[in-house]
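# Inside the fold
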Amino acid sequence: MSSEDESAPAAPPAPERSFYKNHVFFCTNMRDTGERRSCGRHGAVEARDHAKKRIKELKLAKPGSVRINNAGCMERCELGPCLVIYPQGTWYGYQNQTDVDEIIDRHVVGGEIVDRLKLR
C-alpha cells in the first residue's frame, strides 16, 4: 500500500434505506398524578389508536410504508402531547384527532410538513 492510499479519507458509508417510509412514534408516557405533565394524560393513547386505525384504513400499515408506535417519554412534555416521524425527524404537537388527521393526510400521505403543528 502506498503512503498516498493511507492519507486518503475514507468514504462515508452509503445511507441505509429506512425500513418504513414513515415511522411515527407517539409519546404515550404516563406519569403519576402530581408529577410534571405527561402526554399519556392528555389524549396520547387515544390519538395513537386513532392514527393506527387511519393508517390501516388507508392501507398503509405494512413494511416499507407506515408504522405507528408508542414511545416512552420524549422529554417535550411541557409542549403538550407530541409525536415524531422518522426518518425525517419531524416533531409535531397536536391537540385533537383533527390535528392527527392533518399530520397523516399532509405529511404521511402527501409528504408536506404541517408547519402550524411542527414543534421547534
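Now for a quick tour of the structure. (Residues numbered from 1 in each chain as written. Predicted model: local features only at pLDDT ≥ 70, side-chain atom pairs only at ≥ 80, totals over all residues. Heavy atoms only, no water.)

### A closer look at the pattern of salt bridges
This is how the line gets drawn: Salt bridges are counted wherever a side-chain nitrogen of Lys or Arg sits within 4 Å of a carboxyl oxygen of Asp or Glu. Three labels apply to residues, based on accessible area from a 1.4 Å probe with only protein chains included: buried if under 20% of the type maximum, exposed if over 50%, partly exposed otherwise in between. Working definition: helices are DSSP H or I runs of at least four residues, strands are E runs of at least two. Numbering for both runs from the N terminus.
Overall, the coordinates contain eight salt bridges when judged by the stated rule. Note that Asp49 is salt-bridged to Arg48, the shortest N-O span being 2.5 Å. You can call Asp49 partly exposed: its relative accessible area is 38%. Measuring nitrogen to oxygen at the nearest pair gives 2.8 Å for the salt bridge that ties Arg54 to Asp101. Of this pair, Arg54 sits in helix α2 (residues 44–57) while Asp101 is found in helix α3 (residues 97–109), placing the two residues 47 residues apart along the sequence. By relative accessible area, Arg54 is classed as buried at 15%.

### Examining the side chain of Arg31
Selection rule: We call two residues contacting when some pair of their heavy atoms lies within 4.5 Å.
If you trace the backbone, Arg31 turns up in the loop between β1 (22–27) and α2. Judged by relative accessible area, which is 12%, Arg31 ranks as buried. Among residues more than four places away in sequence, those in contact with Arg31 are Arg36, Arg37, Ser38, Arg41, Cys73 and Cys77.

Nothing here speaks to function; it is geometry throughout.
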